[in-house]
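Reading the structure
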Amino acid sequence: RGCTWADISGGYDSRLLGLALDRAGVRFTACTRGDPGDPEVEVARQIVELKGWSWSLFSRPADWEREIAPLFGPALTWGEAQQPIVQVAQRFWKHAKTGASCPSLVGGGAGELLRNFAWQQEFLRAGRTSRVNLDNWIDMRLVHPMPTSVFRSDPTPQVRDDIARRLVSWVEPYRGELNTTKLDVMYAYKSTGTFGAHGSAERRFQIRHWPYLYRPVVNAAISTSPRHRAGHRLMRHMMARLDRRVADLETRPWGGPAVPMRLRNAYRFAPYYRDVAGRAAAKVVGKTFGRSRARARAVDERHVRVYRALLEHADAAVDGGLRHATMRSAPLYRGPEVDELITAARQGRLTAPDLVDRIITVELALRAADSELSS
């Protein structure tokens, strides 16, 4: 295409993709969403300065909700209510800006196929048996802990059963393969749905490309021995061969460099393995106790105001304002619990922002279709 944007962040996937595009002779402008001074933004800045790439940083303004709010309607429509409104609107915010000057964007989604993301929860069993611990896969990668007290009945068992049936059916042709291969295939199946939905919605502003999901790349990735992909090893060697200076830069949020580990630089990898251990511990605790022990993060006031703007958007669409008594989706929820969740979000207490996002998306979708749920 005549012009192309390429997402660049502080991690592995976008860095490798940028180096590959550069080696292939693709002319592009790098783009990053974030605030000056953010660790990932600073790593992205170092990468583009080393390579001499054109770069645009899209920083969220203090009144970000004013720019996000007009995108709620298109987010519901183009996301087909399959994706939560705020998640789509936040992506739309950047794509509206990049798409205004260039219709093509290359993203690093599904780069996890080049490493052990899909089968890390198999621990020491990875690559040693054909048996997949499906419970671990679902609990640690697919169905994350969330408050279910707002629902009339906990939907988790039905969701788990549906996921398990579809995944088992999907990998049946690979029944004799190693558990790592089966999980790679499952992750590719999940990713084509996820990123396909993202790409479909984002065509509102531009055409999104996912090179890591191209068939030759997927085939090459999952055909590579698991021992070469664990711990980002394959990606490290690829980046070191493409440009060792860029690979030697720190990664964020992982920590440590993106070069292969050697005796002389082993000390630099301590942050990386601390991060891996912390993530693993959080997953195990979440599976064991049914709740997440995610590391505490400072609440961004801009994010709080975006949710307040979403609630104002929903109130305008619902006679009497959004509450259990006025909701068409009311049969799904327990009245006091859902009202308490919505009130807390209005007051800036985002105890379960993703759930609030999903509840409002379902409600507005029913109204857009002039439908309602029977009790």
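Here the structure is shown first, and the text comes after it.
Just so it is clear, the model here is predicted, and its values are computed rather than measured.

The next point concerns the state of the cysteines. Tallied over the entire structure, the rule returns one disulfide. A sulfur-sulfur separation of 2.4 Å characterises the disulfide bridge that pairs Cys3 with Cys102. Between Cys3 and Cys102, the disulfide has an S-S torsion of 115° and is therefore right-handed. Residue Cys3 is found in the segment before strand E1 (5–7), and its partner Cys102 is found in the loop between helix H5 (85–99) and strand E4 (104–106); the two are separated by 99 residues along the sequence. You can call Cys102 buried: its relative accessible area is 3%. Unpaired in terms of disulfides, Cys31 finds its nearest cysteine sulfur in Cys102, a separation of 9.4 Å.

With the rule as written, the count across this model stands at 30 salt bridges. The closest approach of N and O atoms between Arg160 and Asp135, which form a salt bridge, is 3.0 Å. Placement of Arg160 in helix H7 (residues 156–170) and of Asp135 in helix H6 (residues 134–142) is noted, with a sequence separation of 25 residues between them. A salt bridge links Glu202 to Arg208, with the shortest nitrogen-to-oxygen separation between them at 3.1 Å.

Reading across the sheet, the five strands line up as E3-E2-E1-E4-E5 and stay open at both edges, with parallel pairing between neighbours. Each edge of the open sheet is held by one strand with a lone partner, namely strand E3 (54–58) and strand E5 (207–209). Put simply, the sheet's adjacent strands are angled 30° from each other on average, direction ignored. In this structure, E1 lies alongside E4, joined through two bridges in parallel fashion. Note on E4: the bridge partner recorded for Trp5 is Leu105. The sheet contacts of helix H2 (residues 39–51) involve strand E2 (29–33) and E3, and relative to E3 the element is tilted by about 165°.

Cut-off values and rules
Residues numbered from 1 in each chain as written. Predicted model: local features only at pLDDT ≥ 70, side-chain atom pairs only at ≥ 80, totals over all residues. Heavy atoms only, no water. Disulfide = S-S within 2.5 Å. Helix = DSSP H or I, 4+ residues; strand = E, 2+ residues; numbered from the N terminus. Buried < 20%, exposed > 50% of the residue type's maximum accessible area, 1.4 Å probe, protein only. Salt bridge = Lys/Arg side-chain N within 4 Å of Asp/Glu carboxyl O. Pairing = 2+ DSSP bridges. Axes fitted to C-alpha atoms, helices over the stretch in contact; angles between N-to-C directions. Contact = heavy atoms within 4.5 Å.

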